[in-house]
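Chain residues, written in single-letter form:
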Amino acid sequence: AEAITLAKQLKADQISHLHNHFANSAATVGMLAAQYAGIPWSLTLHGISETDYPAGLTLAQKIEAAEFVACVSWFGRAQAMRITSVEQWHKFRTVRCGIPLDNLPARTIVDRTSRPVQIISVARLSAEKGLPGLLQALATLRSRGMDVELTLVGDGPERQMLEAQAEELGLTSALHFAGRLPEAETLEKIASADLFVLPSFMAGLPVVLMEA
């Protein structure tokens, strides 16, 4: 139903090509919509989550339906090649992520001796990001007498669980859930922190890591 609705909008707007930025369920809608609208379709592959369940179940069919497939890394391209026939390999293009360096805020230098060490992590609060391990590490540091605090920027299905874990570990005063923030504000928080941590179990080419 979503694909048919989108196909009607594509025709009304005279769109000649549709591109999906991920290979998830939105790509299923995009692929079907492009077929209904009779226009070419393509997609971008970011990381292992798109070859894993559930997106991975239909990834080979999506690649076959695509006019081209942008892969953000050689690894991602190799995983796509692994599940498709040689006849599909000409579609793959490695298009790396980048960041506009001129838009990054200046690094904020603060005397660490007068305040806790500020750690920041920017991620969706979901299982693949490995955040429970980060909270355990924070608790270990504090148990060893280190004055450290953690800010989590992002939101997601595991927020309630992480809040409960933080309380259990005695981290409520040292852990700040900032929620979703605009890009500019997120970059400012990264620039003012002492340490950026990315505990993710699966990441293709993390833009936030390059920003940090």
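The preceding data block contains the structure.
As the structure is a prediction and not an experimental result, all values here were calculated from the model.

Participant: Break down the packing of helix 5 (residues 131-143) against helix 6 (residues 159-168) for me, citing the residues and quoting the values.
Facilitator: For the pair helix 5 and helix 6, interaxial distance at closest approach is 10 Å and the crossing angle is 15°. What the angle tells us is that helix 5 and helix 6 run roughly parallel. Seen from above, helix 5 lies across helix 6 with right-handed handedness. Packed against helix 5, whose contacting residues are Leu 131, Pro 132, Leu 135 and Gln 136, the element helix 6 presents Met 161, Leu 162, Gln 165 and Ala 166 at the interface. Within the contact of helix 5 with helix 6, the residues separate by chemical class into six nonpolar, two polar and no charged.

Participant: I'd like to hear about the sheet that holds strand 2 (residues 41-45), residue by residue, with values.
Facilitator: Read from one edge of the open sheet, four strands run 1-2-3-4, paired in parallel fashion. The sheet terminates laterally at strand 1 (18-20) and strand 4 (92-94), the two strands that pair on one side only. Ignoring strand direction, the axes of neighbouring strands in this sheet form an average angle of 20°. Where strand 2 meets strand 3 (residues 69-71), three bridges bridge the pair, whose relative direction is parallel.

Participant: Describe in detail the state of the cysteines, supporting the description with residues and values.
Facilitator: As used here, a disulfide is simply a covalent bond connecting the sulfur atoms of two cysteines. All chains considered together, the criterion is met by zero disulfides. The closest cysteine sulfur to the non-disulfide-bonded Cys 71 is located on Cys 97, 11 Å from its own sulfur. Since its relative accessible area comes to 0%, Cys 71 is described here as buried.

Participant: Outline the sheet that holds strand 7 (residues 175-179), listing residues and values.
Facilitator: Pairing is parallel in the open sheet, where four strands are placed in the order 7-6-5-8. Each edge of the sheet is formed by a strand with only one pairing partner; in this case those strands are strand 7 and strand 8 (195-196). Alignment of strand 5 (residues 117-122) against strand 8, held across two bridges, turns out to be parallel. Paired with Ile 120 across the bridge in strand 8 is Phe 196. Helix-sheet contacts for helix 5 involve strand 5, strand 6 (148-153) and strand 7, and the interaxial angle to strand 6 is about 165°.

Participant: Residues and numbers for the side chain of Gln 79, please.
Facilitator: Inspection of the secondary structure puts Gln 79 in helix 4 (residues 74-82). Assessed through its relative accessible area of 14%, Gln 79 is described here as buried.

Participant: Just give me the short version of the pairing of strand 5, but keep the residues and values in it.
Facilitator: Counting buried residues in strand 5 gives five out of six residues, a clear majority hidden from the surface. Two elements, strand 5 and strand 6, share six bridges in a ladder whose sense is parallel. For Ser 121, the partnering residue across the bridge sits in strand 6 and is Leu 152.

Participant: Explain helix 1 (residues 2-12) to me, using residue names and the numbers behind them.
Facilitator: In an α-helix, one turn spans 3.6 residues, which is why side chains three or four residues apart end up on the same side. Those residues of helix 1 that fall on the buried side of the exposure criterion are Ala 3, Ala 7 and Leu 10. Taken around the axis of helix 1, the buried residues stretch over an arc of 60°, which confines them to a single face. In helix 1, the exposed positions that point more than 90 degrees away from the buried face belong to Glu 2, Thr 5, Lys 8 and Ala 12. Tucked into the core, helix 1 has its buried residues touching strand 1 and helix 2 (25-37). Gln 14, located one to two residues past helix 1, shows a positive phi value of around 55°.

Cut-offs and rules
- Residues numbered from 1 in each chain as written.
- Predicted model: local features only at pLDDT ≥ 70, side-chain atom pairs only at ≥ 80, totals over all residues.
- Heavy atoms only, no water.
- Axes fitted to C-alpha atoms, helices over the stretch in contact; angles between N-to-C directions.
- Helix = DSSP H or I, 4+ residues; strand = E, 2+ residues; numbered from the N terminus.
- Parallel < 35°, antiparallel > 145°, perpendicular 65-115°, else oblique.
- Left-handed = near helix turned anticlockwise from the far one by under 90°.
- Contact = heavy atoms within 4.5 Å.
- Nonpolar A, V, L, I, M, F, W, Y, C, P; charged D, E, K, R; others polar.
- Pairing = 2+ DSSP bridges.
- Disulfide = S-S within 2.5 Å.
- Buried < 20%, exposed > 50% of the residue type's maximum accessible area, 1.4 Å probe, protein only.
- Arc of directions from axis to C-beta.

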